[in-house]
Amino acid sequence: MASSEYSSINTFHKALYAGSISCTEQVRYYLDRIAQSKQLNAFVEVFEEEALEKARELDARIQAGEPLGSLAGVVVGIKDVICYKGHRLSAASHILEGFESLYSATAVERLLAADAIIIGTLNCDEFAMGSTNENSAYGPVLNALDTSRVPGGSSGGSAVAVQADLCLVSLGSDTGGSVRQPADFCGIVGLKPTYGRISRYGLIAYASSFDQIGIFGKNIADVAAVLQVMAGPDEYDSTASQKEVPDYQVALSHNKSWKFAYLRDALYHDGLDPEMKHGYIDFFESLVASGHTVTGTSFEYLDYVVPAYYVLTTAEASSNLSRYDGVKYGHRTSEQNIELTDFYKKSRSEGFGKEVKRRILLGTFVLSAGYYDAYFTKAQQVRRLVTDKLNEILDQYDAILMPTVPSTAFKLGEKTDDPIAMYLADIYTVLANLAGVPAISVPLHRHSNGMPYGVQIITKKFDEANLLRIAQHLMAEEQVATV
Ligand code: GLN
């Protein structure tokens, strides 16, 4: 796959400040690539004129010798669940047809303040519910490495935009793996920060106690640079942490020997592709050979994480999505002279897609008086057990290493008729969201079917500095080049 000559922020900035490329040329490069890659269906909307205008403005400021922000001219795409003032926002759903954001997400405000250029909005599963991007009102996104396969989801467009070089970095959201899983399927880097590291203000809510904005990039330094800009407290989101944001770039330069753990229950799980299992075993051995320790540890709750995740997230979703009632915004039924309740029912039935309806129903069921304790309370208890156990392991080791997904990218349509099989494939990613810890997927390996698969790294809460440092080190050690 052709790649821009400037495939990292660093190389781009060197060229930009040496005068060998302008922001305008860089934006034109991506606009051309977007035009040539329409069949991938990664973008919902491209802000062509606006991006060029912003680029010209930045070029003029460089000419005038003005200092620019740390993401000057960096071309970014954002998932269609993140507010950008004055721009359309739909969560890839008919129910938000025609809706325009009245304000920008804090993450977006901070990118703009650092002089990044937002080039467009990216396709995804409706309301970020899905693992393949096949639940989008705009149709599926195709994996650029093999267009008969899905890019993963729910942030499929965000992953493909970076994979196919349609922007330099992109934003997604990760509630149960929606950044790490598509990054894994597409052969790029995907980071889900600690819950509360990046403000959720302006991120359309799916399951508020899980949701976190995440970052896609081709290398760790780029992801670190974007995190640096977006992380930190925000008066508009009380769940955004007050903790100080460390210098992630500085952390990248330190190497050492690490104490890694892997979860035996994950590595020897029946669902894991056998070739991938051997790939991980070889990889762990190579880490030991280069001076790290890698210890197998047990995690007996693994089979409970997917059920707990789907009970809790559908419960939260059923409440979060009640605001789409056809009155306040978005789609409204055209049927006249009907009762108010019928009006709500009609508008919602017409506006939401099949998977979103399934989850609203499931979530309403687990919250209903008769079943609340059996499902919702139980799932909360599982969440507590899982979190305590994971933290206990993370207290003893620098990081946990595990697969991101049990297989490589599915074929289009492969799992659409079997939602349970689709949910079960989230087994390795939902863990970090249940516990609120940071996790990253790095593209270290390739399967004999030609598709990439990554290693997921998990560290303690707010330890993104170490997470990125380990990721950087492993990519360098394995001499990984992203697609
Ligand atoms: N595949 C998971 C789900 O459908 C993850 C979604 C996400 O992280 N947004 O819930």
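Structural notes, computed from the coordinates. None of these values were measured; they are calculated from a predicted model. (Residues numbered from 1 in each chain as written. Predicted model: local features only at pLDDT ≥ 70, side-chain atom pairs only at ≥ 80, totals over all residues. Heavy atoms only, no water.)

Things to note about the sheet that holds strand E1 (residues 43–46)
Part 1 of the reasoning: With mixed pairing, 11 strands are arranged side by side in an open sheet as E1-E3-E2-E4-E6-E5-E10-E11-E9-E7-E8. A single partner strand is all that each edge strand has here, and the edge strands are E1 and strand E8 (293–297). In this sheet, neighbouring strand axes are inclined to one another by 30° on average, regardless of whether the strands run parallel or antiparallel.
Part 2 of the reasoning: In this structure, strand E2 (residues 75–79) lies alongside strand E3 (residues 117–122), joined through five bridges in parallel fashion. Pairing of Gly-77 across the sheet is with Gly-120, part of E3.
Part 3 of the reasoning: Relative to strand E6 (residues 213–217), helix H7 (residues 220–230) is tilted by about 150°, and along the sheet it contacts strand E4 (169–173), strand E5 (189–192), E6 and strand E10 (439–446).
Part 4 of the reasoning: Lying on the sheet, helix H10 (residues 274–289) is in contact with strand E7 (259–263), E8, strand E9 (399–403), E10 and strand E11 (452–458); it crosses E11 at an angle near 55°. (Pairing = 2+ DSSP bridges. Helix = DSSP H or I, 4+ residues; strand = E, 2+ residues; numbered from the N terminus. Axes fitted to C-alpha atoms, helices over the stretch in contact; angles between N-to-C directions. Contact = heavy atoms within 4.5 Å.)

Describing the pattern of salt bridges
Part 1 of the reasoning: If you walk through the whole model with that rule in mind, you get 13 salt bridges.
Part 2 of the reasoning: Asp-174 serves as the salt-bridge partner of Arg-180, at 2.8 Å between the closest nitrogen and oxygen. Taken as a pair, Arg-180 and Asp-174 share a single burial class, namely buried.
Part 3 of the reasoning: Residues joined by salt bridges that share partners form a network here, namely Arg-61, Glu-66 and Asp-115. (Salt bridge = Lys/Arg side-chain N within 4 Å of Asp/Glu carboxyl O. Buried < 20%, exposed > 50% of the residue type's maximum accessible area, 1.4 Å probe, protein only.)

Observations concerning the site of the ligand
Part 1 of the reasoning: Close to the ligand lie 15 residues, the nearest being Thr-175, Gly-176, Ser-178, Tyr-206 and Tyr-309.
Part 2 of the reasoning: Gly-176 places a polar main-chain atom, nitrogen or oxygen, 2.6 Å from an oxygen atom of the ligand.
Part 3 of the reasoning: A distance of 3.0 Å is found between a nitrogen atom of the ligand and a side-chain nitrogen or oxygen belonging to Asp-426.
Part 4 of the reasoning: In the shell around the ligand, the residues fall into five nonpolar, seven polar and three charged. (Near = heavy atom within 4 Å. Polar contact = N/O pair within 3.5 Å; in protein donor to acceptor, adjacent residues only side chain to side chain. Nonpolar A, V, L, I, M, F, W, Y, C, P; charged D, E, K, R; others polar.)

A short note on the state of the cysteines
Part 1 of the reasoning: The tally for this structure, following the rule as stated, stands at zero disulfides.
Part 2 of the reasoning: In this model Cys-124 remains outside any disulfide bridge; the closest cysteine sulfur is found in Cys-83, 13 Å from its own.
Part 3 of the reasoning: Cys-167 takes part in no disulfide bond, and the closest cysteine sulfur to it belongs to Cys-186, at a distance of 12 Å. (Disulfide = S-S within 2.5 Å.)

In short, shape yes, function no, at least from these values alone.
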